[in-house]
Amino acid sequence: MPEKVYIEEIRLSAFRNYAEAALKLDARHVVLTGDNGSGKTNLLEAVSLLSPGRGLRRTPYGEVTRVGTDDAFSIFARVHGMEGEVAIGTGAEARDEGTSRRLRLNGTAAKTADELTDHLRVLWLTPAMDGLFTGPAGDRRRFLDRLVLSVDPAHGRRASDFERAMRSRNRLLGEGRMDPAWLSGIERQMAELGVAMAVARHEMLGFLAHLIEGVANDAPFPSARLSLTGFLDEGVTARPAADLEEDYAAMLAENRYRDAAAGRTTEGPHKADLLVFHAGKDMDAGRCSTGEQKALLIGLVLAHARLVGNMTGFAPVLLLDEIAAHLDEGRRAALFDLIDGLGGQAFMTGTDRMLFEALGDRAQFFTVAAGRISG
Ligand SMILES: Nc1ncnc2c1ncn2[C@@H]1O[C@H](COP(=O)(O)OP(=O)(O)OP(=O)(O)O)[C@@H](O)[C@H]1O
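Residues numbered from 1 in each chain as written. Predicted model: local features only at pLDDT ≥ 70, side-chain atom pairs only at ≥ 80, totals over all residues. Heavy atoms only, no water.

1. Regarding the packing of aromatic side chains
Overall, the coordinates contain 4 aromatic pairs when judged by the stated rule. Between F15 and F73 the ring centres are 5.5 Å apart and the planes differ by 75°, which places this aromatic pair in the edge-to-face class. Residue F15 is found in strand β1 (residues 6–15), and its partner F73 is found in the loop between α2 (61–64) and β4 (74–81); the two are separated by 58 residues along the sequence. Exposure remark for F15: the relative accessible area of 0% places this residue in the buried category. Overall, the relative accessible area of 0% leaves F73 in the buried class. (Phe/Tyr/Trp six-rings, centres within 6.5 Å; stacked < 30°, edge-to-face > 60°. Helix = DSSP H or I, 4+ residues; strand = E, 2+ residues; numbered from the N terminus. Buried < 20%, exposed > 50% of the residue type's maximum accessible area, 1.4 Å probe, protein only.)

Structure (structure tokens):
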């Protein structure tokens, strides 16, 4: 069983509907119940900001800061982390800050938010992800990239470097500057980064497939079969990276005039799509029922959590927003056992405390009402 990482304390200031709030925790799971709009998801969002990126809602930081306050939001947490106890402080520099936040680890300014992954990994499942299988490919790509990022923090840097190179290429093409030497240099860089991204994504699918295979057929959550399409496809696993880079660089060179006319790069890792099949029914997830899709998603997130635990030796912190709402009693109890079996700390929300009864004393229970938390 992987070691447990858990949040011992979290304090919020000027965060969403919280003026000030503090939560002291032991290593158990955390159940937050309260009415709609009371602040349950906001609290999960604060925990999600203990990982790199913009958190589970991906909103600009200016919107996160409490309306009507002059000070920017801040979050402080004490975590029993992967390298022992750590104090994490984060928040926006200024009230209207959109895209950057400061981060201190044990009182010292961190160079990049990636340093957070040395201490804890945070994974989440929210109702906003319910449309994942039927929504745009970009959402599924982002979902997959987050999976990769949680075991391979360098994936984020590769993706942003690729984006930057692609923007330079698009700009040159858009301005009609068809300088072959300059373009070839950029395209070579795009090829290296793009193939590395594709390989990392395929590797993640391989790991997950291996893990899912080991799950019994009668498990309460159906198994997913995953594949990638839209960029290099099967070739990624079958051929050496150097050959794939050659192919992609050649493709980019050949597409220059077409891409100039389209105003964008038409082929690349930014065009990939994650295909999800309900393995038991051999059915495209997008055509499964709402309940089946939710169950598939839960199964996928739990498999991912197990993978992170196996690969790092530490169980991730799980944020499960309204996880119990649409499950019958038997499935709920089975879900809690599965979550507990992962060995980490899970935060779960719902409107009704009764839904979480089967957790018993495996969880600490809190009530949230209008931006206040009580035990
Ligand atoms: N920047 C902000 N300043 C003040 N309040 C905000 C801010 N952003 C969001 N809110 C408010 O926070 C409230 C709580 O939202 P939250 O999503 O946490 O509710 P919830 O308890 O998860 O509810 P539900 O059960 O409906 O999902 C909402 O009423 C929202 O308007």
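2. Focus on the UniProt feature "binding site: ATP" (unreviewed entry) in the protein
The residues that UniProt annotates with the feature "binding site: ATP" (unreviewed entry) are G34, D35, N36, G37, S38, G39, K40 and T41. With respect to the secondary-structure elements, N36 resides in the loop between β3 (29–33) and α1 (40–48). In this fold, G37 is placed in the loop between β3 and α1. In this structure G37 comes out as exposed when scored by relative accessible area, which is 74%. (UniProt positions renumbered as here; feature names shortened; annotations may be inferred.)

3. Considerations on the nonpolar core
With 111 residues, the main nonpolar core has I10 and L318 as its most contacted residues. Top contributing element to this core by residue count: helix α5 (residues 180–213), with 13 residues. In this structure, this core is formed jointly by two domains, domain 1 (6–121 + 314–374) and domain 2 (137–274), each of which donates at least three residues. In this structure L318 touches L123, V301, L302, A305, I339, L342, Q345, A346 and F347, once residues within four positions along its chain are discounted. (Core = buried A, V, L, I, M, F, W, Y, C linked by side-chain atoms within 4.5 Å. Domains from an automatic or database assignment. Contact = heavy atoms within 4.5 Å.)

4. A short note on the sheet that holds β3
Strand order in the open sheet formed by 6 strands is β8-β12-β13-β3-β14-β15, and the pairing between neighbours is mixed. At either end of the open sheet lies a strand with only one pairing partner, and these are β8 (122–125) and β15 (372–374). In this sheet, neighbouring strand axes are inclined to one another by 20° on average, regardless of whether the strands run parallel or antiparallel. Both β8 and strand β12 (residues 317–320) contribute to a ladder of 4 bridges, which runs parallel. Note that in β12 the partner of W124 across the bridge is L319. (Pairing = 2+ DSSP bridges. Axes fitted to C-alpha atoms, helices over the stretch in contact; angles between N-to-C directions.)

5. Describing the sheet that holds strand β10 (residues 273–278)
For sheets, the rule is that strands pair by backbone hydrogen bonds, running either parallel or antiparallel. Taken in spatial order, the 3 strands make up an open sheet running β9-β10-β11, and their pairing is antiparallel. Of all strands in the sheet, those with a lone pairing partner are β9 (224–229) and β11 (283–284), marking the two edges. Examined bridge by bridge, β9 and β10 share 6 bridges and lie antiparallel to one another. Bridge pairing links L228 to L274 in β10. In this fold α5 packs onto β9 and β10, with an angle of close to 165° to the strand it touches most, β9.

6. Regarding the packing of helix α3 (residues 137–151) against α5
At a closest axis distance of 10 Å, the pairing of α3 and α5 adopts a crossing angle of 80°. Relative to α5, the element α3 lies roughly perpendicular. For the pair α3 and α5, the contacting residues are R141, L144, D145, L147, V148 and V151 in the first and A200, R201, M204, L205 and L208 in the second. (Parallel < 35°, antiparallel > 145°, perpendicular 65-115°, else oblique.)

7. With respect to the pairing of β1
The element β1 is largely enclosed, with a buried count of 8 among its 10 residues. Across 7 bridges, the pairing between β1 and β4 is antiparallel. Its bridge partner lying in β4, L12 is registered against I75. Note: β1 against strand β2 (residues 18–24), 6 bridges, orientation antiparallel. Following the sheet pairing, E9 is matched in β2 by K24.

8. What about helix α4 (residues 154–174)?
Taking 1.5 Å of rise per residue, 21 residues should cover 30 Å, and α4 covers 30 Å from first to last C-alpha, within 8% of that figure. Tucked inside the fold, the buried residues of α4 contact α3, α5, α7 (241–254) and α8 (256–262). G176 lies just past α4 and shows a positive phi near 75°. (Expected span 1.5 Å × (residues − 1).)

9. Digging into α5
For α5, spanning 34 residues, the distance from its first C-alpha to its last is 48 Å, which sits close to the expected 50 Å at 1.5 Å a residue. The backbone nitrogen of A181 lies 3.1 Å from a side-chain oxygen of the residue at the head of α5, namely D179. (Polar contact = N/O pair within 3.5 Å; in protein donor to acceptor, adjacent residues only side chain to side chain.)

10. Structural notes on the domain arrangement of the protein
Here the protein is partitioned into domain 1 (6–121 + 314–374) and domain 2 (137–274). In this assembly, 11 residues from domain 1 lie in contact with 7 residues from domain 2. Of the roughly 750 Å² buried at the junction of domain 1 and domain 2 (both faces included), carbon and sulfur atoms supply 56%. In terms of surface lost to domain 2, no three residues of domain 1 exceed R58, R121 and R331, which account for 42% of the buried area on that side. The interface formed by domain 1 and domain 2 contains 2 residue pairs in polar contact (both at pLDDT 80 or more). (Buried area = accessible area lost by both parts, 1.4 Å probe.)

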